[in-house]
Structure formats: structure tokens, C-alpha cells
Amino acid sequence: MCLSEAMTVHLVVRVSSALMALLACSLARRVLTAHLQNSIMKLVHASQIFYRYSYQLPPGKQNHTCGGADKWADFSSSKELFCSGGSYCPSTIQKNPCSSGHYCRQGSTSQEQCFRMATCKSQSENQNITAYGILLFAGLIFILLIIYNCSDQVLATREKRQAKSREKAVQSVRETAQAREKWKSAKDIAKKHAVGLSSQFSRTFSRRKSTRHSDQLKGLGQAKPGTDAALPPMPPNEQSAGTSKGKKKDKSSLTQMIHAIEEDPNSHEGFNLEIGDKNIKKQTGKAPKGKQLHTQSQIFKYAYGQIEKEKALQEQNANLTFSGVIQMAGDTEISKRPPIEVAFKDLTLTLKGKNKHLMRCVTGKISPGRVSAVMGPSGAGKTTFLSALAGKIKGCTMSGMILVNGKMESIHSYKKIIGFVPQDDIVHGNLTVEENLWFSARCRLSADLPKPEKVLVVERVIESLGLQAVRDSLVGTVERRGISGGQRKRVNVGLEMVMEPSLLILDEPTSGLDSSSSNLLLRALRREALEGVNICMVVHQPSYTLFKMFDDLILLAKGGLTVYHGSVKKVEEYFATLGITVPERVNPPDYFIDILEGIVKPSTSSGVTYKQLPVRWMLHNGYPVPMDMLQSSDGMAASAGENSAHGGSTPNAGSDGQSFAGDFWQDVKCHVEVNKDALQHNFLKSSDLSERITPGVFQQYRYFLGRGGKQRLREARTQAVDFLILLIAGVCLGTLAKVSDETFGAIGYTYTVIAVCTIFATHLWLWKVEENRGALLLLAG
Ligand SMILES: Nc1ncnc2c1ncn2[C@@H]1O[C@H](COP(=O)(O)OP(=O)(O)OP(=O)(O)O)[C@@H](O)[C@H]1O
């Protein structure tokens, strides 16, 4: 009975049942009593879930019953329960050694044939598959080497092709522009000649005409029948057709040309652009939407052609007359964005839970088409002010009003057309400059805008931020050096510019930039303002030239109090009314900020102190002044601004006398409030008034996947090295660790886990070292 049972056991079932039995045995031995074991065994038996093992009789006990197989046995202490490895047991009484070319694992009832390239000596328990291992190892190394060497090539080839078609487009546009210039100058010459000729003709004709006319007059009465004079006068064209055909035809076409030139001296009639927008314009009758353009080269040609045209228009603008400006304003070519004007009245922000004022009684507005600078000492609340404007403030209660386009609407309703550039970088280091901009444009521009138009937007931004030279360069990460810091800052700004915002808010975009880069950036922003964009930015220590490039200034004192808000041109005039004059050769913004910091004592005859400046501004504009501020300005109480600036108490603060539990409770409350705000900010939907339909979630997810793929491909080199290290580690440890049936290679697995952890820990450490190295280099410098 035992034998027949043993012979019917299938290999797979046997292994699984052995595994189950092993686990159960080792556990049961420790935990269960013998009685419990028997009960379980009976249960298992009755359920018929498990098959029994191939059983081998103890040596020398031929008549031994097979009852032992029905009992649980501890595998680790009595191996002989199974047919031992290297032999096979066709019956319970027979044990044969495994022959060469075969292998017999523990508990075998027959010997197994070795695989083709594997070697099996006689009495082998396992086949030797080293050859397979070497092949696999070589194959994996080969694949990793391919990834290491070619991963960059895939993207590089694509980029090269794109760059080529772009170069071609630039070349063609340049040629077109040159040809256009030639055509224009030829036309000018022709025009001059034509005008000369026409005056000559008119003189000759008028002479002849007068002669003929007098002849006609003379001959009217004496004309003989059958002569010309008797006939009614012919229309001039017919006349010319009838008589001196050649000359007169010349004259008429010349006249037409003169008229054409006189009507539109800039027309390029007779001059066909290869893929110029003018041609398309003629077909559609209005500005092209790029729908007809399909190939990359066509799209680039269109974009560059358009940019060239805009440049020419700008050059013309430089010496525009007043009437020219009026014409320009009506020109549909200059696209205007939907305007966003933000007005704020008595804006006060108080930190929840702590009752600390971050900003107080700020009143004013920022307008479309103007560039406003927010300045003030460090910690004055500039970033807080920008965040409040953009509707990004969290953990604060806000009082006062914010009006958008004169209405009480939530700023969130316009979020699709509001760009926000934070202080920290938002670029992706392992994408190129162009890829970063393109991703932002695709996700945030209107979904129905055709691709060529999006390309045009991106190209325009690259051009205006002076990023052409680095457009194909990686932005760079800690591990991989990329573009310079200044260029990186510009890319940050570009990410928001490509979404064509109506309100653009920037937090210190010029920090860390040299004066020429700052100038370039501000010029680009001014160009945006020309399109009606409302620009508001925090700027630190601008040079005088830069300062003069702003339209408006919002000067904040510590505690988020306004000291001045108005035109840049009038700031010195205002401070002069307070008796504060900027000394010679001192940069006005630097001087004002030094005063607000308390570093410089204003040289004033009126005795105004820096603490009084916010109240003076309020009184100057007739704004209501809170009592505590009024008292503080009179020197009767501690200044609210000063308190806030130094992190002290404000209206209801009284933490000094609070117990630890009270403080803790305040902190918890504050934390909850901040999280609540964050949740509301992310999940509460406000109505969309931006009139822009951006790509849907799935479309954006598709773009995101594309970007992710590129990033992974860029990191492929590092990952290939990681896998190579893992592979070698695995081979080494695998060779060292003995794999046996009892442990199921658990030691090998443990080693591998340790190796993986070590490698990742090393990576982390390396990143830290890199970061610190950067910091140390800075310190050393
Ligand atoms: N969420 C907040 N929790 C606690 N304090 C805050 C919070 N937000 C701002 N503050 C405090 O408000 C003050 C103004 O901060 P803000 O970052 O607006 O200053 P800033 O003028 O932009 O400074 P800097 O020029 O140095 O960037 C600081 O004292 C800051 O500690």
C-alpha cells in the first residue's frame, strides 16, 4: 500500500506538500504537543489535502511497515526519511546511485536527465548549470553595456534631427528675410525711377495733350468727315490699345505699380514666401492658426518667420511716430491677453493659532500692462504678500478685500492664467531647457491651440530670455552639471511665461543674477507687459538702471506694512515730502531699504523715524489707521511692525504666560488649520473664469508619461551601473552561498538583500557628499 501510494505522487505536488510539511513540522515541533499533532494529522488525513512523501525503509529493516510516513517527522533531524540526494529510490527497498549525465534530488524515485549544456557527474544531486550562469551573466553585461553607451544616443539622435530641421528653418527664414530686404530696396529704387519717369511722362503728355487739345479745339469746326477728328473721343485705354500700344501699355503698368507702391510701400507683392504666414493669410483671410503645418520643419519655419516679423515690428516701434503707435495699438498682430487687475483694500493677514500679523492694512492695486516691484527688508512679508495675491496663502486668516477686475471674485477662478515663479527652482534637472518649456506649454496652454502656435510660444520665450545657446542642454542635477545658475533662473521664469499668463507673479527672479542677466530678464518681462500682462515681482537690491525699468513700486516695512505704493518715478518725490532725500551717488532703493532696516538713520529735518513711515503713508493717502499703529508712531507703545518683525506678540498674543500644554495645544491647532487650508486649496473647486480649456487629466497624464520616459532614459546610465554592481555582487554571493533544498537558498537571498541595501545606502551617502562638497566649495571660495 505504501509503495503504490509513493509511486503515484507527482513531483510538483510532492515538493509543495514537502514544503508545507516542513514549515508545519518545524512550527508544530516547537508549539504543539504530541496529542495536538495527532489530531492535526488525522484531520489532514481525513481531508485528503496532502499526499504522502516517497518513503524509504530504514536500512536493514525489510519488513518495516510504512506506518511511519503517516506521522509528522522533523526533516532536519532525520534526513533518511527521504531517498537521499545523488540516489534515487524506485521502490521502498531499492536505492540506486545516480548515473553520469543525470541528477537525482533528495526524495527522487527516478533519475533526471541533465540539460544540454549542464554537466552532471555520477551521483550528482543537482546539475551543474555554470555554463548557463556564465551565458546569462555575459548577456546581462552586454545589455547593460548597450544601455550605458547607447541610452544617450537615442535621445541625442532625436535631438540632432530636431536641431537639423530647426537649423534649416532658421536658414530659410534668414534667406527669406534677406530676399525681402533686397526686394524692398529694389522696389524703393524702382519707385524712385518710376516717380521720375511718371513726372517726365506727365510733362510730355501734358504738353502733347495740350497741343492735341488745341488742335482738336482748332479742328472742331473744320474736321472733315471720315477723319479722326470727326469721331467721338475714345476712352484712354482703348486709345492706347488702338494706337501706340507698347509705350502706353508700359505707362499704364508703371502707373499701377506706382500706385501699388504708394498705397503699400511695405507690400511684397511678386515676392513669394516659401512658407510665410502671408501666403497662408491670403488663403484664410485671417491670422494663420498653423493647422496646415505638419512637418517639424514647416512648424519651425512658421515660428521663426513669425518671430522675425515681430522683431521687425519692434525695430519699427523704436522710431514710431504717435500715429504709428495708434496704428500699432489697433494692429491685431499684437495679441493682447485677457486683463487681470488685482486691487486689495486693507489686506491683513494673521497667522492662525498664534494671532501674529504677517501683513497689515495693505491697500493698493496692480494693473495689467505694468511691471510692479515689491521691495523691503528681509522678513518684511514680501513673499507673504505675493502668496496672498496668488491665493496661495495657507494657515492664515485674511481680512480686507481682494478685488479681481473690480469684482469680488476668487483669484482661484483665474488660476489657469496666473503664473507663479517661486523662490526655489521648479525645473526638472534631467530634461533639457526646451523639454522643460515644452512640457509646461503643452500642459498649460489652451488645449485647442494648434501645435505650431505652441511651438511659436515656446520659441518666442526662448528668444526673449536669451536661451537659444542652451536650449538643448540639460538643466542639470546635483550629479550632472548643467546650465549656469543664471540660465536656470531664466528657465524657471520661462516655465511660467510659456503658459501665456495674464498675471505673472515672481518671487526674487533676479536673485543671484548679474546685472546683464537681470536686465535681460526684465526686458523680457517688459515685453510681456506690452501684451497686457500684469507683472508683480519681489526684487532685492536692484541697480539703478534696473530700478528705473519698473513702473510701480510697493515698499514694505517689517510686519507687512506699506511704506509706499505708486509710480517708481514719484517715490523720491514722496520721500522728499517727508524730508527724506536720497544722498548723492546713493542708489535710491538701497537707501530706502537701509532706512527700513534701521541701518541708516534718515537725514530728515522733519524728525520722521523709520517706524513712523507706514503711518505716514496711510495718513498721506487718507487710509484709516488702527489705534495701536497710531500710538506706536507717536512713540507711546511698542510698534506693531517692530513686534511682528521680531517675532513678538501682536493683538491677542500672550504666549509668554502660557503653560507647555497651552503652547502645545496652540501648535496642534495651528497645524490642523494649515492642513485644512491645504486641503481646501487642493480640492475645493472654484468656478473657472479664465476662459481657457487646458488639456484634460488623461492628456496631461500622457504628457507626464512621456516626460517620465525621457527622464528614465537619461538616468539609464546611472541605473545600468547600479544593476552591474548588483549583478556582480549577486554572482559573487551566489557562488559563495551554498544553495540546498533545506534552506531554499535563504542565505543567498539574505546576502542579496544586504547587498541591495548597502548599494542604496552608498548612493544616499554619495548624494550627501556631493551636496556637502558643493557647500564646502562655496565656503572655501
Ligand atoms: N506660515 C508661516 N508661519 C509662521 N511664520 C510665517 C509664515 N509665513 C511667513 N511667516 C513669517 O512672516 C514674516 C515674513 O515672511 P516672508 O517670507 O514673507 O518675508 P520676506 O520679506 O519674503 O523675506 P525674504 O526677503 O527674506 O525672503 C517672517 O518673519 C516669517 O517668519
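Residues numbered from 1 in each chain as written. Predicted model: local features only at pLDDT ≥ 70, side-chain atom pairs only at ≥ 80, totals over all residues. Heavy atoms only, no water.

As a further point, take the state of the cysteines. All told, the structure shown has three disulfides when counted by the stated rule. Cys-83 shares a disulfide with Cys-89; S-S distance 1.9 Å. Around the S-S axis, the bridge from Cys-83 to Cys-89 shows a dihedral of about 80° and counts as right-handed. There is no split in this pair, since Cys-83 and Cys-89 are both buried. What pairs with Cys-114 in a disulfide is Cys-120, and their sulfur atoms sit 1.4 Å apart. Classification of Cys-114 as buried rests on a relative accessible area of 13%. Residue Cys-120 is classed as buried on the basis of its relative accessible area, which comes to 7%. (Disulfide = S-S within 2.5 Å. Buried < 20%, exposed > 50% of the residue type's maximum accessible area, 1.4 Å probe, protein only.)

For the rest of this paragraph, the subject is the confidence of the model for the chain. Residue-level pLDDT values for the chain average 72, and 64% of them are 70 or greater. Low pLDDT, under 50, characterises residues 261-288; the predicted model gives this stretch 43 contacts beyond four residues in sequence or across chains. (pLDDT = per-residue confidence, 0-100. Contact = heavy atoms within 4.5 Å.)

This paragraph deals with the site of the ligand. The environment of the ligand is formed by 13 residues, the closest being Ser-378, Gly-381, Lys-382, Thr-383 and Thr-384. Taking Lys-382, its side chain carries an N or O atom lying 2.9 Å from an oxygen atom of the ligand. Within the side chain of His-540, one N or O atom sits 3.2 Å away from an oxygen atom of the ligand. For the ligand, whose unbound accessible area comes to 630 Å², protein coverage reaches 62%. Examining the composition of the shell around the ligand, we find that three residues originate from one element, helix α10 (residues 382-390), more than from any other. Taken together, the residues of the shell around the ligand break down into four nonpolar, seven polar and two charged. (Near = heavy atom within 4 Å. Polar contact = N/O pair within 3.5 Å; in protein donor to acceptor, adjacent residues only side chain to side chain. Areas by Shrake-Rupley, 256 points an atom, 1.4 Å probe, with all protein chains shown as cover. Helix = DSSP H or I, 4+ residues; strand = E, 2+ residues; numbered from the N terminus. Nonpolar A, V, L, I, M, F, W, Y, C, P; charged D, E, K, R; others polar.)

This brings us to the packing of aromatic side chains. Using the criterion set out here, one finds nine aromatic pairs in the structure. Ring centres of Phe-115 and Tyr-132 lie 6.5 Å apart, and the angle between their planes is 85°; this geometry places the pair in the edge-to-face category. On the criterion of sequence distance, the pair formed by Phe-115 in the loop between β4 (112-113) and α4 (130-219) and Tyr-132 in helix α4 is long-range, its members being 17 residues apart. Given the relative accessible area of 33%, Tyr-132 is considered partly exposed. Where Tyr-591 meets Phe-592, the ring centres are 6.4 Å apart and the plane angle is 55°; that geometry is what we call tilted. A single burial state applies to Tyr-591 and to Phe-592, both of which are buried. Ring pairing ties together the aromatic residues Tyr-564, Tyr-574, Phe-575, Tyr-591, Phe-592 and Trp-617, which thus form one cluster. Just above the ring of Phe-420 sits the side chain of Lys-392; from NZ or CZ to the centre is 5.3 Å. (Phe/Tyr/Trp six-rings, centres within 6.5 Å; stacked < 30°, edge-to-face > 60°. Lys NZ or Arg CZ within 6 Å of the ring centre and 35° of its normal.)

This paragraph deals with the packing of helix α13 (residues 485-497) against helix α14 (residues 515-530). Running from N to C, α13 and α14 cross one another at 5°; their axes reach a closest spacing of 11 Å. Overall, the two elements α13 and α14 adopt an arrangement that is roughly parallel. Only Ser-517, Leu-520, Leu-521, Ala-524, Leu-525 and Glu-528 of α14 make contact with α13, whose side of the interface consists of Arg-490, Val-493 and Met-497. Looking at the contact of α13 with α14, its residues break down into six nonpolar, one polar and two charged. (Axes fitted to C-alpha atoms, helices over the stretch in contact; angles between N-to-C directions. Parallel < 35°, antiparallel > 145°, perpendicular 65-115°, else oblique.)

On a regular strand, each side chain points to the face opposite its neighbour's, so the side chains alternate between the two faces of the sheet. With four of five residues buried, strand β1 (residues 87-91) is to be regarded as a mostly interior element. Taken together, the three bridges between β1 and strand β2 (residues 94-97) define a ladder with antiparallel strand orientation. Within β2, the residue paired with Ser-91 across the bridge is Gln-94. Between β1 and β2, which pair antiparallel one after the other, the connecting turn spans two residues. (Pairing = 2+ DSSP bridges.)

This part is about the pattern of salt bridges. Evaluated as defined, the whole model comprises 14 salt bridges. The shortest N-O distance in the salt bridge between Asp-425 and Arg-488 comes to 2.4 Å. Of this pair, Asp-425 sits in the loop between β9 (418-421) and α11 (433-444) while Arg-488 sits in helix α13; the two residues are 63 residues apart in sequence, bridging distant segments of the chain. Exposure remark for Asp-425: the relative accessible area of 39% places this residue in the partly exposed category. (Salt bridge = Lys/Arg side-chain N within 4 Å of Asp/Glu carboxyl O.)

Positionally, Arg-527 belongs in helix α14. Owing to a relative accessible area of 30%, Arg-527 belongs among the partly exposed residues under this scheme. Sequence separation between Arg-527 and Gly-369 is 158 residues; the distance between their C-alpha atoms is 9.4 Å.

Unusually for a residue other than glycine, Glu-508 sits at a positive phi of about 50°. Considering the arrangement of structural elements, one finds Glu-508 in the loop between β10 (503-507) and α14. On the accessibility criterion, Glu-508 (14% relative accessible area) is buried. With a phi close to 60°, Arg-585 is a non-glycine residue in the positive phi region. Along the chain, Arg-585 turns up in the loop between α16 (571-577) and α17 (588-597). Arg-585 sits in the exposed class, given a relative accessible area of 86%.

Right, let's talk about the environment of Lys-611 for a bit. Topologically, Lys-611 is positioned in the loop between α17 and α18 (613-621). Separated by 54 residues in sequence, Lys-611 and Ala-557 have C-alpha atoms that sit 8.6 Å apart.

To continue, consider the pairing of strand β11 (residues 534-538). Most of β11 is tucked away, with five of its five residues classed as buried. With burial as the criterion, each face of β11 is covered, one bearing Asn-534, Cys-536 and Val-538 and the other bearing Ile-535 and Met-537. As defined by bridge partners, strand β7 (residues 371-375) adjoins β11 across four bridges and the pair is classed as parallel. In the strand pairing of β11, Val-374 is matched with Val-538. As paired strands, β10 and β11 are joined by five bridges and run parallel to one another.

With that settled, the discussion passes to the packing of α11 against α13. Packing of α11 against α13 brings their axes to within 8 Å, and their N-to-C directions diverge by 25°. The orientation of α11 with respect to α13, classified from their angle, is roughly parallel. You can see that α11 and α13 cross each other, and the crossing is right-handed. In this structure, α11 contributes Val-433, Asn-436, Leu-437, Ser-440 and Arg-444 to the contact, and α13 contributes Val-491, Gly-494, Leu-495 and Glu-496. Residue classes in the contact of α11 with α13 are distributed as four nonpolar, three polar and two charged. (Left-handed = near helix turned anticlockwise from the far one by under 90°.)

This part is about the nonpolar core. If you look at the biggest cluster of nonpolar residues, it comprises 75 residues, and the most contacted ones within it are Leu-525, Leu-553, Leu-555, Phe-575 and Leu-613. With residues near it in sequence (within four places) discarded, Leu-553 still touches Ala-373, Met-375, Phe-547, Tyr-564, His-565, Gly-566, Val-568 and Val-571. Membership of the second largest hydrophobic core comes to 29 residues, among which are Ala-380, Ala-388, Val-404 and Phe-420. (Core = buried A, V, L, I, M, F, W, Y, C linked by side-chain atoms within 4.5 Å.)

A separate point is the side chain of Ser-464. Looking at the element boundaries, Ser-464 is found in helix α12 (residues 451-464). Taking relative accessible area as the criterion, Ser-464 reaches 12% and is therefore assigned buried. When sequence neighbours within four positions are dropped, the list of residues in contact with Ser-464 reads Met-497, Leu-520, Ala-524 and Arg-527.

Right, let's get into the UniProt feature "transmembrane region" (unreviewed entry) in the chain. In the numbering used here, UniProt assigns the feature "transmembrane region" (unreviewed entry) to residues 129-151, 720-740 and 746-767. Its end C-alpha atoms 32 Å apart, residues 129-151 is made of 96% helix and 0% strand. (UniProt positions renumbered as here; feature names shortened; annotations may be inferred.)

What follows covers α12. Its 14 residues place the ends of α12 20 Å apart at the C-alpha level, agreeing with the 20 Å of an ideal helix rising 1.5 Å per residue. The buried fraction of α12 is high, at 11 of 14 residues. Buried within α12 we find Pro-452, Glu-453, Lys-454, Val-455, Leu-456, Val-457, Val-458, Glu-459, Val-461, Ile-462 and Ser-464. Downstream of α12 by one or two residues, Gly-466 has phi in the positive range, about 65°. (Expected span 1.5 Å × (residues − 1).)

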